[in-house]
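Chains, contacts and geometry: an overview
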Amino acid sequence: MAQALAAFFSSGFRPMFLSAAAWAALSMTLWILYWTGSTSWEPAWPALDWHVHGLLFGYGSAVLCGFLFTAIPNWTKRPPVSGAPLAALWLLWVIGRVATATALPWALTLGLDVGFLLLVCLLAARDILAAGNRRNLPVIAMVALFTVANTLFHLDIRAESPASSGNGTRMGISLLILLISLIGGRIIPIFTTNWLKQHNATKLPVQFNRKDGAVLAASALTLILWIFTPDRQTTGFALGIVGLAHLWRLSRWQGHRTGSEPLILALHVAYLFVPLGYLLTAASAFGTISPMAGLHAWTAGALGGMTLIVMTRASLGHSGRPLTASILDTTFLSLLGLAAGTRILSALDVWSEPLLHLSATLWIVGFALFVLRFGKGMFLPRPDAP
């Protein structure tokens, strides 16, 4: 048991990615049971607020923690956060999930939930500053702002405002989409280039450059507009332009040449939901479709899909396994893409209720298969470790 726990808390991706996937499946199950009246459980918050917070800030914060504490040692060459400190952080995250689902005092719930993200920021900033790795400080800044967004969500709960449609929610979604755009814009061309070179391809992806930086700057400004004025047509126009810019970025990365490797292709498919979210949200600003379509393109599609593929690649690579998709990997990655697609269609009033149930089922099964695939391995040391 001691050896298994030592392995489990040896790196951030192990407890945080496994717990994030388990929570994604469990919280969606609870939401569907509540929504259909199949359970007597009721969240202490308004049900929709709990659902949004659980998947945006609950799931999102766990993935951010796992990603940062796995990537930062590579960025800085410093020892990873591991052992007892990592175990304490993980336990704080677990308690935070319990606190948001039960009738604990508001201030205590706020302290537990936001305190986790604050500690993640402080530990990450400490290592990056100590190593002089200023290139990645913008990532830490966005995680700090994500902490602010979570705090705003809790303040809306306190004020009995609809937190699920408040500024804190839109700010949280915007920051995660910016992080996906920044980090995805770095890793997708690199991983695709490496794979294509192995297959003797001559036409390779365009790597991150100043044009990508300009798109990200325009994205940030447009998302600020969306946070504060989501229903204005000027916001919709800006969202549409930025959505087309992200489609242009994606077109330069040669994703159509990677069909034989699901671990590469899935990155491109997940990123496709970023511009789709912009374009659908633009349409909603003009009153032509429901805002739920764009929101779920960003959350279920871009956030769910990109985090699942990154968690899969990290869980394979950092466990000393080959970066080649198994049948099970291909299955749960495909299920997540289908879950996002059916959820968007349901928001467009296409067989709304049946597709809503189908989307939730695909989401639950997809994340449950990730837990099944990697659960045991998270408690085992790397096979090539001393």
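No experiment lies behind these values; they were computed from the predicted model shown.

1. A word on the packing of aromatic side chains
Considering all chains together, one arrives at 18 aromatic pairs under this definition. The interplanar angle of 40° and the centroid separation of 6.0 Å between the aromatic rings of Trp-45 and Phe-153 together place this pair among those described as tilted. Note that Trp-45 is positioned in the loop between helix H2 (13-35) and helix H3 (47-76) and Phe-153 in helix H6 (residues 137-158), a separation of 108 residues in sequence. Each of the two residues, Trp-45 as well as Phe-153, counts as buried. Relative to Tyr-271, the ring of Trp-253 has its centre 5.0 Å away and its plane inclined at 70°; by these criteria the two rings are edge-to-face. Separated by 18 residues along the polypeptide, Trp-253 in the loop between helix H9 (233-251) and helix H10 (262-285) and Tyr-271 in helix H10 bring together distant segments of the chain. We note that Trp-253, like Tyr-271, is buried. Members of the aromatic cluster, connected to one another through ring pairs, are Phe-8, Phe-9, Trp-90 and Phe-379.

2. Considering the environment of Ala-340
Looking at the element boundaries, Ala-340 is found in helix H12 (residues 327-347). For Ala-340, a relative accessible area of 0% translates into the label buried. As for Ala-340 and Tyr-59, which are separated by 281 residues in sequence, their C-alpha atoms are 16 Å apart. The contacts of Ala-340, once residues within four sequence positions are left out, are Phe-273, Ala-300 and Gly-301.

3. Points about the environment of Ala-24
By the element assignment, Ala-24 lies in helix H2. Judged by relative accessible area, which is 0%, Ala-24 ranks as buried. For the pair formed by Ala-24 and Ile-364, sequence separation is 340 residues and the distance between their alpha carbons is 7.2 Å. Excluding anything up to four places from it in sequence, Ala-24 contacts Leu-55, Tyr-59, Trp-363 and Phe-367.

4. Quick word on helix H13 (residues 352-374)
In this model, H13 (23 residues) spans 33 Å end to end at C-alpha, consistent with the 33 Å of a helix rising 1.5 Å per residue. Turning to H13, its buried residues number three or more, namely Leu-355, Leu-356, Ser-359, Ala-360, Leu-362, Trp-363, Gly-366, Phe-367, Leu-369, Phe-370 and Phe-374. Check the buried side of H13 and you find it contacts H2, H3, helix H11 (291-317) and H12.

Definitions and limits used
Numbering of residues starts from 1 in each chain and follows the order in which that chain's sequence is written. Owing to the predicted nature of the model, reporting of local features is limited to residues with pLDDT of at least 70; listing and counting of side-chain atom pairs is limited to 80 or more, with chain, interface and lining totals taken over all residues. Only hydrogens and water are removed before side-chain values are computed, so all heavy atoms of the structure are retained for them. Pairing of aromatic side chains requires ring centres within 6.5 Å, counting the rings of Phe and Tyr and the six-membered ring of Trp. Pairs whose planes differ by under 30 degrees are stacked, by over 60 edge-to-face, and all others tilted. Think of it this way: any DSSP run of H or I at least four residues long counts as a helix, any run of E at least two long counts as a strand, and we number them from the N terminus. For every residue, the accessible area (1.4 Å probe, protein chains only) is compared with the maximum for its type, and the residue is labelled buried under 20%, exposed over 50%, or partly exposed between those bounds. Contacts are residue-level and defined by heavy atoms, with any inter-residue pair within 4.5 Å sufficient. One fewer than the residue count of a helix, multiplied by 1.5 Å, yields its expected span.

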